[in-house]
Amino acid sequence: MPLLRKKPFVPIDLPPDLKADEEVFLNVLTKEIFRDYEEYFRRSILCNSLVWSCEYTGRSSLTLSEALQSEADAAEHLRKMPVVIQQGICFIIHKNEISSLTVFVDEVLSFYRTRFLVGEKVEIASTVKTASRKEGIITEVMVNPDADFNHPNQIVYKCSIIGTNDHVKAVVSTQSTGLYHTQKRDFESDCVR
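Residues numbered from 1 in each chain as written. Predicted model: local features only at pLDDT ≥ 70, side-chain atom pairs only at ≥ 80, totals over all residues. Heavy atoms only, no water.

**A few points about unusual backbone geometry**
Then, number 1: Positive phi is not limited to glycine here, since arginine 5 has a value of about 50°.
Then, number 2: Take arginine 5: it is sitting in the loop between strand E1 (3-4) and strand E2 (7-8).
Then, number 3: The backbone of serine 61 shows a phi angle near 60°, a positive value even though the residue is not glycine.
Then, number 4: With respect to the helices and strands, the residue serine 61 is situated in the loop between strand E5 (52-53) and helix H2 (64-80). (Helix = DSSP H or I, 4+ residues; strand = E, 2+ residues; numbered from the N terminus.)

As structure tokens, then:
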């Protein structure tokens, strides 16, 4: 549910002695029932005021209907996000002690732009100088125990080529990886807004 002035909104309860044939006013957005038109009108004004924010994205200065739409859009993006990436983000959240959301988002984006995850679909560039690329899936991430995992050029990925039994090792360097993300990740554009 959207936040009202950065705090959880608590709708009023149904009147306990409400009769089935009683005429009432229904606020469609909050699903609240009012007996008094003045209370209903005040709630309607509040719903159309720019005091609401999206609980998921933090977007503020919204009306209630805009905040509800923002939450629905955020939930849809989350449903579309591959499980592999969701698991990776959960891992980063667990291992990180950053208190600023902005810094955290930057860390996640930086991590994902330079690394690949087991189970992620990738494009594998041919070793010959042609424009051919093949689709593959990361099957293993290998890091030299003496290397620093914080530097992506220390990581070797093992990939299987889709539709074959072939496996490829791709040595990553910061200039040219030979591996490419198959599509721009939706969450990158959402986080950068």
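**Considering the sheet that holds E5**
Whether parallel or antiparallel, the strands of a sheet pair through hydrogen bonds between backbone atoms.
Then, number 1: Taking strand neighbours across the sheet as the criterion, the three strands line up as E2-E1-E5 in an open arrangement whose pairing is antiparallel. Edge positions in the sheet fall to E2 and E5, since each of these pairs with one other strand and no more.
Then, number 2: Inspection of the sheet shows E1 paired to E2 by two bridges, in the antiparallel sense. Note on E2: the bridge partner recorded for leucine 3 is proline 8. (Pairing = 2+ DSSP bridges.)

**A word on the pairing of strand E6 (residues 121-125)**
Then, number 1: With burial as the criterion, only one face of E6 is covered, namely that bearing Val122 and Ile124; the residues Lys121, Glu123 and Ala125 on the opposite face remain uncovered.
Then, number 2: Bridge count between E6 and strand E7 (residues 133-143): five bridges; the pairing is antiparallel. Among the inter-strand pairings, isoleucine 124 is bridged to a residue of E7, identified as lysine 134. (Buried < 20%, exposed > 50% of the residue type's maximum accessible area, 1.4 Å probe, protein only.)

**Here we look at the nonpolar core**
Then, number 1: Within the largest apolar cluster, ten residues are counted, these being Met81, Val84, Ile85, Ile89, Ile92, Phe104, Val108, Phe111, Tyr112 and Leu117.
Then, number 2: Breaking this core down by element, the ones donating at least two residues are helix H3 (83-95) and helix H4 (101-114).
Then, number 3: Counting residues in hydrophobic clusters, the runner-up holds nine residues, among them Leu4, Leu46, Trp52 and Leu62. (Core = buried A, V, L, I, M, F, W, Y, C linked by side-chain atoms within 4.5 Å.)

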